[in-house]
Amino acid sequence: MSPPFGFLLSPDPPPRRVGVVVALAAVALCTLIVYPLKHVAPVVSLGVVYLPAVLVVSVTWGAWLGVATAVVSAGAFNFFHLPPVGQFTIRDSSNWVALVAFLVVAGLASSVAEVTRARARDAEARRVEADLAAEMARILLRGNSLAEDLPTAAARLANALALNSAAIEMEAVEGDERTVAFPLREGTRRLGTLLVGADTSEASLRRLQERVVPALEGLMSAALEREGLLGGVVETAALRRADTVKTALLRAVSHDLRSPLTAISAAGEAVGSPSLSPQERNEMAAVIQEETRRLSRLVDNLLDLSRLEAGAAEPRRDWTSVEELIRAALRELAAGTEEFTLSIDRDLPLVSVDPAQMERAFVNVLENARRHSGGHPVSVRARAVRSLAGASRGPAATDGDGEHLDGNRPAGDRVIVRVVDRGPGIPPAQLERVFEPFYRAGTPGGEHRGSGLGLAIARGFAEANAASLHVESLPGQGATFVFELPLQAAS
């Protein structure tokens, strides 16, 4: 809240016409007040009654109106109260002293008022500039891209300084007939250019040059340095991640690639032995085939991971049957009829995905489920889920088995594929970590071999095709991997 008499020294005084009315009214009021006071004090000493009016007018409206108020006050005092009353005649020297006192006080008060008002205006301008600097620092130093934040900062600058237009460019730009250019520098280094309209007043241009541009240069320099440091941090993080992946890859190559090669080599040597019976020879051939398929899948996974990490796994979409993808994945796994049970809706709609990528995703998830199923058949269920058109919120959707879908996921038409095993399950703390490359979930009695790549690649390919993959599990009750593939209208 402003003080009770804050209007007296406000940066912008009231209109001068109001001042004239206030001055005349104040002089008339003081003249009336003197009448009763003449009975208790000498009339010559009562000239001080007019001083408050002179001071208020001088402080509020400036020197000229204050001096005029002093002259009018002296005339009214002389005409109505000093003998001879009713005449503008000054016979006594004390009356001259009163008039001179009025004029001196008015001049001093108005001078002090002008200085104070100028300082108030300057303080307000500096407050606006300080707020502007803080706001621009928040804008330029919080984002990731300085080029994207500059238009917002320029708009804030134009609004704060009441400019018709303003722009901040990161390169050197020369002014023309429509713009005035202020170069932004740090020493000899050119940081950018501040452009304002050519119709900007001289006072605003001087203010920009003297106070705004230096602050903006400092902020631009800090923002550029921050952007460079942020780029270095991102690059360092990428290098660290690449180093981690490289280390994990070397470990996988040294162990997971060597194991099937050792088994193939040993079985190959044994096959050539004349002492083997036909049954043992067939068993060795089966080992060679199994380890060869394992080695092939591991190499495929390593290649897929490298493409995903490099961002080169761009899907080639086509309208594809989900049932065909699942059956193709089972054929690649050479799965027996007792290992998987299928429950797929008839007339399941087509989905727009990359068939090769999604087949790889299904292969990896199905293989993982078979590996951890404890010898029990793995259940694969596919259902189409339809949402109410145009309903942004409503009752929770359910799939074909009556199970409630996750309410945190976006509603919409989609195909839900559930892969359910009856293995040991996954501890809650590991539900998301199982999708990290080279991570192997630690479960009780878990002795199954795996590179830790399959689920990471499955999720990567699912997300590349605008689908999702998550896992639901309770320890000791198996795990359910859920694919959600959005349905789109065929063009």
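Up top is the structure.
Residues numbered from 1 in each chain as written. Predicted model: local features only at pLDDT ≥ 70, side-chain atom pairs only at ≥ 80, totals over all residues. Heavy atoms only, no water.

A. Representation of the sheet that holds strand β9 (residues 468-473). Reading across the sheet, the five strands line up as β5-β7-β8-β10-β9 and stay open at both edges, with mixed pairing between neighbours. Where the open sheet ends on each side, the last strands, each with one partner, are β5 (340-344) and β9. Strand after strand, the sheet turns through a mean of 15° between neighbouring axes, direction not considered. Across the sheet, helix α8 (residues 322-332) is in contact with β5, β7 (378-385) and β8 (414-420); its angle to β5 comes to roughly 175°. On the sheet, helix α9 (residues 355-371) packs against β5, β7, β8, β9 and β10 (479-486) and is oriented at approximately 165° with respect to β10. (Pairing = 2+ DSSP bridges. Helix = DSSP H or I, 4+ residues; strand = E, 2+ residues; numbered from the N terminus. Axes fitted to C-alpha atoms, helices over the stretch in contact; angles between N-to-C directions. Contact = heavy atoms within 4.5 Å.)

B. Seen up close, the packing of helix α2 (residues 51-61) against helix α3 (residues 63-80). Closest axis-to-axis distance for the α2/α3 pair is 7 Å, and the angle between their directions is 160°. By the angle between their directions, the pair α2 and α3 is classed as roughly antiparallel. Our pair here, α2 against α3, has a crossing hand that is right-handed. Touching A53, V54, V57, S58 and W61 of α2 are A63, L65, G66, T69, A70 and S73, all from α3. When its residues are assigned to classes, the contact of α2 with α3 shows seven nonpolar, four polar and no charged. (Parallel < 35°, antiparallel > 145°, perpendicular 65-115°, else oblique. Left-handed = near helix turned anticlockwise from the far one by under 90°. Nonpolar A, V, L, I, M, F, W, Y, C, P; charged D, E, K, R; others polar.)

C. Spatial organisation of the pattern of salt bridges. In the structure shown here, the tally under the stated rule is 18 salt bridges. Of the charged contacts in the structure, one is a salt bridge between E124 and R127, with a shortest N-O distance of 2.7 Å. Placement of both E124 and R127 in helix α4 (residues 93-142) is noted, with a separation of three residues, approximately one turn of the helix. Owing to a relative accessible area of 36%, E124 belongs among the partly exposed residues under this scheme. (Salt bridge = Lys/Arg side-chain N within 4 Å of Asp/Glu carboxyl O. Buried < 20%, exposed > 50% of the residue type's maximum accessible area, 1.4 Å probe, protein only.)

D. View of the environment of M284. Inspection of the secondary structure assignment puts M284 in helix α7 (residues 278-309). Residue M284 is classed as partly exposed on the basis of its relative accessible area of 23%. Each C-alpha atom, one on M284 and one on A270, is 7.3 Å from the other, the two residues being 14 residues apart in sequence. Apart from residues no more than four positions distant in its own chain, M284 is found in contact with A267, A270, V271 and L276.

E. Representation of the environment of E280 within the structure. By the element assignment, E280 lies in helix α7. Assessed through its relative accessible area of 35%, E280 is described here as partly exposed. Separated by ten residues in sequence, E280 and A270 have C-alpha atoms that sit 9.2 Å apart.

F. Highlighting the sheet that holds strand β2 (residues 179-186). Strands sit in the order β1-β3-β2 across an open sheet of three strands; the sheet is antiparallel. Sheet topology places β1 (166-169) and β2 at the edges, where each strand pairs with a single neighbour. Going from strand to strand, the sheet's axes swing by 20° on average, the running direction of each strand aside. Two elements, β2 and strand β3 (residues 189-197), share eight bridges in a ladder whose sense is antiparallel. The partner of R185 across the bridge, within β3, is R190.

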